[in-house]
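# Inside the fold
The residues making up each chain are set out below.
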Amino acid sequence: MTTRRNSAGRKATLSVAIGSLFLLSSQGTTEAGEVADALHALGKSDIVTRTVTLSDLGITEPLSFSANRVNREIFIPVPAGVPLIEPSLFFDGTYLRGDGGKTTYILSLDGYAVAARSPEGERGKTQFDIGVDGAPREDGFVRLGIAWQPLVGQFYCYGTGPDSNRLLVHPDTSLEYSYNAADLKTVSSAFAAFKRSVTLLVAGDALDSESYDAAWRLGVALERAGKTLQLKALPARGDTVDASSITVPAALESVPGFAAFSHGGLVEIDDPAQIGALLVLSATGIQADIAIAGETLSAQIDAALKAIGAELAAADPAAGEAFQALVAERETLSLPLETGSYSMRLVGGEPVLAVQPEGAGEAAGLFSTWWRRTAISGDMVVRTARLPMADGDTMALLPPGDSDSNFSVVGLGEWSTTADLGGDIPPGMVPSDIHVFVSAAPGATATRPVASVFLNDMLLGAKQLEADGMPEAISVSVPAYTLLPSNMIVVRVQRQPAPGDCQELPQGYPVSISPDSYVELAPAPEAVDFSSVSARLAGDSLVVVNKSWLEDALTTLPNLIALADASGIAPDRAGFSVADRPAYPQPDRPFLFLDVAVEGMSERASVDGNTVQITTAKGTTLFDATGLSDIALLQAETGGDAPGLTYAADGVGPLIEKPLRLRHGDVAVIGADGVLAEVRTSGRPLPRNTEPDRLTKKPFSFSWRLLTDTDFWFRQVPVLMTALILGGFVLLMLLARIAKRRRRDDKS
């Protein structure tokens, strides 16, 4: 990423200028054709090399294998459908053998075993390279499998304790591969090759409204697709770049634009030709995965290429034609895009997904799992790509075509899905009940498995399963206090493993989540906190930013993306506006205001310099402190016609680097590490749900299976017996009265 230098740093500019004049005077010494030959050589270097480490996939801590016979698969992204050139896997691990015995681990690639090791020392490193098949992967992944088999004892079925023998796989484990840039032809293939951290290229630190709007919408869409975003600006005059990793061909060192980078070190950009040289050399500072390809960015790239082209033509008359061919083959991002276009373009010969700003709003859903695989073209116009939304008061728990609802369980297994308030749930609705249908095969032990349902790490209900292969219902109510803008639903199945006494080996037994599982929806509770406001932001909403934010895009865009993602805003349904005044009229729809106040609203929290104050609605001070730095406040505004959120900081405020997790407060103190404190200034209790049925909400019906169901005997049978006893007592009293009346009648 580029950085700004102050005026004192410009003292080095004079020496660069003198060097440039010297090089210009020595251009005549360059033999005719040498520059053209160097350009031809650059044009042929269309091989792109990538290295993907486990840390790039979000695995920042060593993977630990310690239990008996652990198998794990890691999916490493590569361009989908593209042949790989000389791919190689570097495995980096360490091992411990506290219990001795024979410890073995097996590595597999795409399901085929390729290497096995049996360490013999008490501890040590295990590092080696493995060749990988270069055949295209249509699904866009190389599957790395690790099977850990610690064996201690005389017999094969003996195992080891959980902390004795251990294998650690370090995050430096990596896949290195190359591919021909011309083979990457589709948008879908490009997305499949993205690492967890995606780089977004913008025209500069100051952006126009359309480019800024497109950047935050794409950023939110990428975050919800499981990516993290890094912003990068095209270098501009006055920026400083690190030239230590830039290699300039000898024939181009006589050209001023290239000469500035031939000696490495920090170089201040003072001429558009230098930017053109960075583009031609495919420098690290201009490489990106996605680009907001508006008119400004295209014009800047075109101007830089024309400037360096003029210097090349002056150095070698034969270089003009070679440079034009180079630009046509390796610098296609300078070409304008059609409105709403998503196109594969090249920067320095490396592929980049170019997005036309006007198409980013309606088509942000293209990065979702619903529509991503349809992008089988390298130049497509997307007018609309929205997520399907539930219609009515129910929503399917499994997306159509979901093939991950089957899993095997030895001791513990789980299945998960998400329900986003800003995605597939209608605005103003929230989950109220979850109905899961689980089928489990019989296991090797007499103890029946237990299925538990969690929402955002909160246990909602559990049931002991019959495990006869038939679907069994688990219905649970969703308390309001468990809801978040992005909700994770987890079904966890736990079995009693088979005994390890050499009678049989532990193995997994299948479990399935039926596709008719569903979520009931209900109107969201009253908007009084972050969670209840987020339920309204998922629909037609409005995002308003202070005009100054557009002048400092590299700092403010990450904050806007983090806040929009955490608040549940749907990027394809939200409006966007820029405020040129400190206060903005209250809108008639849910809103998110950033560094803009709502006209007529009283503040419960304020930040002024390094002072933060938070009060209740009645004026009681909850927090008042001075000496705080890089602090911002987020407030839930619920007193107007439409609820919303306002974000305020004194000056630039913190650069939010971690995802925000908003819960049920109405004021939050935010720093670079996310939410530092969250308070419910209203003092109102959370809304409560009705008490859920302890078993399920299925109507009661008798079947012979109930006779073997402990739930029936311990929960429902006592109720039935009590009802029978009371009914029998009432019946006896009636019979006694009838008999007494008959005796009285007989006497009379």
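Our subject is the structure listed above.
Conventions adopted
Residues numbered from 1 in each chain as written. Predicted model: local features only at pLDDT ≥ 70, side-chain atom pairs only at ≥ 80, totals over all residues. Heavy atoms only, no water. Pairing = 2+ DSSP bridges. Helix = DSSP H or I, 4+ residues; strand = E, 2+ residues; numbered from the N terminus. Axes fitted to C-alpha atoms, helices over the stretch in contact; angles between N-to-C directions. Buried < 20%, exposed > 50% of the residue type's maximum accessible area, 1.4 Å probe, protein only. Arc of directions from axis to C-beta. Contact = heavy atoms within 4.5 Å. Parallel < 35°, antiparallel > 145°, perpendicular 65-115°, else oblique. Left-handed = near helix turned anticlockwise from the far one by under 90°. Expected span 1.5 Å × (residues − 1). Polar contact = N/O pair within 3.5 Å; in protein donor to acceptor, adjacent residues only side chain to side chain.

Attention now goes to the sheet that holds strand S17 (residues 341-347). Read across the sheet, six strands follow the order S13-S12-S16-S18-S17-S19 without closing on themselves; strand pairing throughout is mixed. The sheet is open, and its two edges are formed by strand S13 (228-233) and strand S19 (379-381), each paired on a single side. Neighbour to neighbour, the strand axes of the sheet diverge by 30° on average, direction disregarded. Sheet topology note: the S17/S19 ladder contains three bridges and is antiparallel.

Moving on, we come to helix H2 (residues 34-44). Owing to its 3.6 residues per turn, the α-helix aligns residues three or four sequence positions apart on the same side. Those residues of H2 that fall on the buried side of the exposure criterion are Val 35, Ala 36, Ala 38, Leu 39, Leu 42 and Gly 43. End-on view of H2: buried residues confined to an arc of 160°, all on one side of the axis. When the buried face of H2 is taken as reference, the exposed residues oriented beyond 90 degrees from it are Asp 37 and Lys 44. Buried-residue contacts for H2 involve helix H6 (272-281), helix H7 (295-315) and helix H8 (319-330).

An order of S22-S27-S24-S25 is seen for the four strands of this open sheet, with the pairing classed as antiparallel. Edge strands, defined here as strands with exactly one partner in the open sheet, are strand S22 (412-420) and strand S25 (458-464). Pairwise comparison of adjacent strand axes, ignoring direction, gives a mean angle of 15° for this sheet. Bridge count for strand S24 (residues 450-455) against S25 is six bridges, and the pairing is antiparallel. Among the inter-strand pairings, Val 453 is bridged to a residue of S25, identified as Gly 461.

Put simply, H7 and H8 touch, their axes get as near as 9 Å, and they point 155° apart. Overall, the two elements H7 and H8 adopt an arrangement that is roughly antiparallel. The element H7 and its partner H8 pack so that their crossing is right-handed. Contacts between H7 and H8 pair Leu 305, Ile 308, Gly 309 and Leu 312 from the former with Ala 319, Phe 323 and Val 327 from the latter.

When you tally the buried positions in strand S40 (residues 667-671), you get five out of five residues, the bulk of the element. One ladder, built from four bridges, connects strand S38 (residues 632-637) with S40; its direction is antiparallel. Among the inter-strand pairings, Ala 632 is bridged to a residue of S40, identified as Ile 670. Across five bridges, the pairing between S40 and strand S41 (residues 674-679) is antiparallel. Counted as the bridge partner of Val 669 is Ala 677 from S41.

Our focus in this paragraph is helix H4 (residues 209-224). Taking 1.5 Å per residue as the helical rise, H4 with its 16 residues ought to reach 22 Å, and the 23 Å between its terminal C-alpha atoms agrees with that figure. Along H4, 12 of the 16 residues are buried, which leaves the element largely enclosed by surrounding structure. Ser 211, Tyr 212, Asp 213, Ala 214, Ala 215, Trp 216, Arg 217, Leu 218, Gly 219, Val 220, Ala 221 and Leu 222 are the residues of H4 that are buried. The opening residue of H4, the one whose side-chain oxygen lies 3.1 Å from the backbone nitrogen of Glu 210, is Asp 208. Two residues or fewer past H4, Gly 226 is found with a positive phi of approximately 90°.

Taken by themselves, the reported measurements are silent on function.
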